[in-house]
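Results of the structural survey
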Amino acid sequence: MRQQILEALRQEEPFDVLIIGGGATGCGIAVDAATRGLKVALVDRNDFVGGTSCRSTKLVHGGVRYLEAAIKHLDKVQYKLVKEGLHERGAFLRNAPHLAHRLALVSPIYSWFELPYVFIGLKLYDILSGSMNIGKSTIASKKGVLKYFPSLRTEGLKGGVIYYDGQFNDTRMAMTLLLTAREHGAVLANYVGVVGLIHDANGKLTGASVEDRLSGDTFVVRAKTVINATGPFADAICKMDDPEAKPILKGASGVHIILDRDKLPLDVGLLIPKTDDGRVLFLLPWLDHIIVGTTDDPCEISERPEASPKDVAYLLDYVRRYFHADVTEKDVKAAWCGIRPLVFDPKAKDTAELAREHVIIEAKSGLITISGGKWTIYRLMAEHTVDRAVAVGKLRPPRGCVTHDMRLVGARGFVPEGDKLLAKKANLPDDVAAHLYHTYGDQSEKLLPLIAESGAARLHPRHPFLEAEVRHAVREEQAVHAEDVVVRRMTLALLDTEAAVQSVDRVVAIMAEELGWDAARQAEEATRARTHAAAGL
Ligand SMILES: Cc1cc2nc3c(=O)[nH]c(=O)nc-3n(C[C@H](O)[C@H](O)[C@H](O)COP(=O)(O)OP(=O)(O)OC[C@H]3O[C@@H](n4cnc5c(N)ncnc54)[C@H](O)[C@@H]3O)c2cc1C
């Protein structure tokens, strides 16, 4: 498949749109442009969704913390962001129900004075979501809160407010978007990086010089419009276009840790509304584990950011402050760091204050840069960006944007009890069927012949991931390195580092059968996958 993709990229006839970057932003744009009937190419210098987009808190949300800013400072921009986010939250849950679901969260209250303030704020959250409302916020007594969190510390606890947001699987969401774009003819290539931009005699962009990072070959991809969707790396692409371009981004690193459910059994999320340094922290149930995050610190932008011991200690400290939980560094099953691409505002004092708004900037050459925003509004960001590309490139798509009401690949035949039906049909254990259905949705059926061929062997006894999925990732989802499977197609490394490292040899052996790797390549792949899995990269 990879050779055909590379050949398609080299074609003489220009693409309507070349997207640089295969994170949330680029994948969303690929779907929007391809479903309008445009000829689309997308390249990522690493694996798809290997950047910030696989390290999110996995919330589909309007942003309660932006709501606080909207109320406190009567800030219209923040208010609009929340409203937009809540609307898109609804569309997200509807269009990818196999990957996204409603999640109840509790904001604990420690003073009676706070209660009406928080409750009215969250009621406003409900109202702003309008017809896309996913559940009414309610007040819970102290006893009610403790029912959800028996080990929550009770000193000063008065009660809480229960509200709803969405939760999703970010790596799989990106994969679903890519499969949807591919279904509509988009040419998508991972490990193909843009190393230069190509201009005509008038300074207008006509394409990009790219490098196939597997072979080292460089070649040109011709395109009528080029979209820079490289997240934290947007400034670097702008500089390729115009060496005088001014930076537009600041980076803020966010670290998450994963804990075993046995250490902290939660079925609903807890929002810690204010840490000592003014941040919001979440503790959320996630794939049978608990996710705790996130930090938010100004940082240098780097390709593979790592969680520092200081960040891990900070998050553990908050878990212990709020819960009677005996958790230490040795209970951390995985830790990973992502970099928020925040649009630069010279007046903002710290990164937590920068607006999470997205901006679309058009350079003189026609380069369109999309930056900022968040996963929740990927669809809206894509719509705005493709509208701009259509205008800049004078493109004539056969139709306008169709994504608002479009179910993504895996979602079309989705039924809520699909996991139970799958378990019965394929005689699978419940956890495996639930995992498959909430990973591939109605496409789970595609794995059944593979499971019939090689059995439903698990990659690791602690997890429901199957060996058959490794073959599926190679054949259907463009996995080229073992790391792609262990970290992103399966998210095992982001959940349980030890299990991921222990699974590497088996993943490499299966991929070697699929791709004909020799012994040297297998050794190289195993080392690379172990290193990246261990560091949550
Ligand atoms: C800690 C954290 C938690 C978050 N939590 C949430 C949340 O709960 N909900 C939510 O809605 N949002 C959340 N966000 C925001 C959201 O994750 C980001 O807005 C989003 O993932 C950004 O996606 P992106 O595609 O712009 O960037 P990225 O995902 O970083 O993608 C950019 C891609 O560009 C590629 N690239 C770079 N240079 C080149 C080149 N020269 N050639 C080719 N490719 C290149 C990179 O390899 C990368 O894959 C969170 C962000 C962080 C950091």
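The structure under discussion appears in the preceding block.
In this text, all values refer to a predicted model and were calculated from it rather than measured experimentally.

Basis of the calculations
- Residues numbered from 1 in each chain as written.
- Predicted model: local features only at pLDDT ≥ 70, side-chain atom pairs only at ≥ 80, totals over all residues.
- Heavy atoms only, no water.
- Near = heavy atom within 4 Å.
- Polar contact = N/O pair within 3.5 Å; in protein donor to acceptor, adjacent residues only side chain to side chain.
- Areas by Shrake-Rupley, 256 points an atom, 1.4 Å probe, with all protein chains shown as cover.
- Nonpolar A, V, L, I, M, F, W, Y, C, P; charged D, E, K, R; others polar.
- Phe/Tyr/Trp six-rings, centres within 6.5 Å; stacked < 30°, edge-to-face > 60°.
- Helix = DSSP H or I, 4+ residues; strand = E, 2+ residues; numbered from the N terminus.
- Buried < 20%, exposed > 50% of the residue type's maximum accessible area, 1.4 Å probe, protein only.
- 1 Å grid on protein atoms, 1.4 Å probe; cavity = no way out; pocket = protein on both sides within 12 Å on 5 of 7 lines; lining within 4 Å.
- Points joined across faces, edges and corners; volume = space filled by probe spheres on them.
- Salt bridge = Lys/Arg side-chain N within 4 Å of Asp/Glu carboxyl O.
- Axes fitted to C-alpha atoms, helices over the stretch in contact; angles between N-to-C directions.
- Parallel < 35°, antiparallel > 145°, perpendicular 65-115°, else oblique.
- Contact = heavy atoms within 4.5 Å.
- Pairing = 2+ DSSP bridges.

What follows covers the site of the ligand. Among the 38 residues in the neighbourhood of the ligand, the closest are listed as T25, D44, S53, L59 and T376. At 3.0 Å, a backbone N or O of T57 approaches a nitrogen atom of the ligand. The contact in question runs from an oxygen atom of the ligand to an N or O atom on the side chain of T376, over 2.7 Å. Protein chains shield 97% of the accessible area of the ligand, which is 1,000 Å² for the free molecule. When its residues are assigned to classes, the shell around the ligand shows 12 nonpolar, 20 polar and 6 charged.

A word on the packing of aromatic side chains. One pass over the full model with this rule turns up 11 aromatic pairs. Measuring from centroid to centroid gives 6.1 Å for F149 and F323, while their planes differ by 75°, and the two rings are edge-to-face. Here F323 lies in the loop between helix 9 (309-322) and strand 16 (332-343) and F149 lies in the loop between helix 6 (142-148) and strand 6 (159-168), a separation of 174 residues in the sequence. Residue class for F149 comes out buried when judged on its relative accessible area of 1%. Relative to Y318, the ring of Y314 has its centre 5.3 Å away and its plane inclined at 55°; by these criteria the two rings are tilted. With Y314 and Y318 both in helix 9 and 4 residues apart, the pair spans about one turn of that helix.

Unoccupied space between atoms shows up once a probe the size of one water molecule is rolled over them. Using the criterion set out here, one finds 4 cavities of 30 Å³ or more in the structure. The computed volume of the largest cavity comes to approximately 50 Å³. Surrounding the largest cavity, K58, D170, W286, L287, W336, T491, L494 and L495 form its lining. Taken together, the residues that form the lining of the largest cavity break down as 5 nonpolar, 1 polar and 2 charged.

Right, let's get into unusual backbone geometry. Trans is the common state for peptide bonds, and a negative phi is the common state for residues other than glycine. The step from G293 to T294 runs through a cis peptide bond, and the omega angle for that step is 10°. Inspection of the secondary structure assignment puts T294 in the loop between strand 14 (289-293) and strand 15 (297-299). Non-glycine residue Q478 carries a positive phi angle of around 60°. By relative accessible area, Q478 is classed as buried at 8%.

Attention now goes to the pattern of salt bridges. All told, the structure shown has 45 salt bridges when counted by the stated rule. Of the charged contacts, one joins K224 and D16 as a salt bridge, the two residues approaching to 3.2 Å between their closest N and O atoms. Residue K224 is located in strand 10 (residues 218-228), and its partner D16 is located in strand 1 (residues 15-20); the two are separated by 208 residues in the primary sequence. Judged by its relative accessible area of 12%, D16 falls in the buried class. D260 is the partner of K333 in a salt bridge, and the nearest nitrogen-oxygen pair spans 3.6 Å. Taken as a pair, K333 in strand 16 and D260 in strand 11 (residues 249-260) lie far apart in primary sequence, 73 residues in all. Three or more residues are tied together by salt bridges with common partners; here these are D47, R304, E483, D484, R488, R489 and R528.

Another point: the packing of helix 3 (residues 64-72) against helix 5 (residues 114-128). As a packed pair, helix 3 and helix 5 sit with axes 10 Å apart at the nearest point and diverge in direction by 105°. It follows that helix 3 is roughly perpendicular to helix 5 by the angle criterion. Taking contact as the criterion, the partners of V64, L67, E68, I71 and K72 in helix 3 are, on helix 5, Y117, G121, L122, L124, Y125 and L128. When its residues are assigned to classes, the contact of helix 3 with helix 5 shows 8 nonpolar, 1 polar and 2 charged.

Turning to the environment of I370, a few remarks are in order. Note that I370 resides in strand 18 (residues 368-372). The spacing of I370 and R222 is 148 residues in sequence and 20 Å in space, taken between C-alpha atoms. In contact with I370, other than residues within four places in its own chain, are T25, I29, I227, N228, A229, H358, V359, I360, M381 and T385.

We now examine the pairing of strand 4 (residues 100-109). The buried fraction of strand 4 is high, at 8 of 10 residues. Bridge count between strand 4 and strand 6: 10 bridges; the pairing is antiparallel. By the bridge assignment for strand 6, V106 is matched with I162. Both strand 4 and strand 12 (residues 269-272) contribute to a ladder of 2 bridges, which runs parallel.

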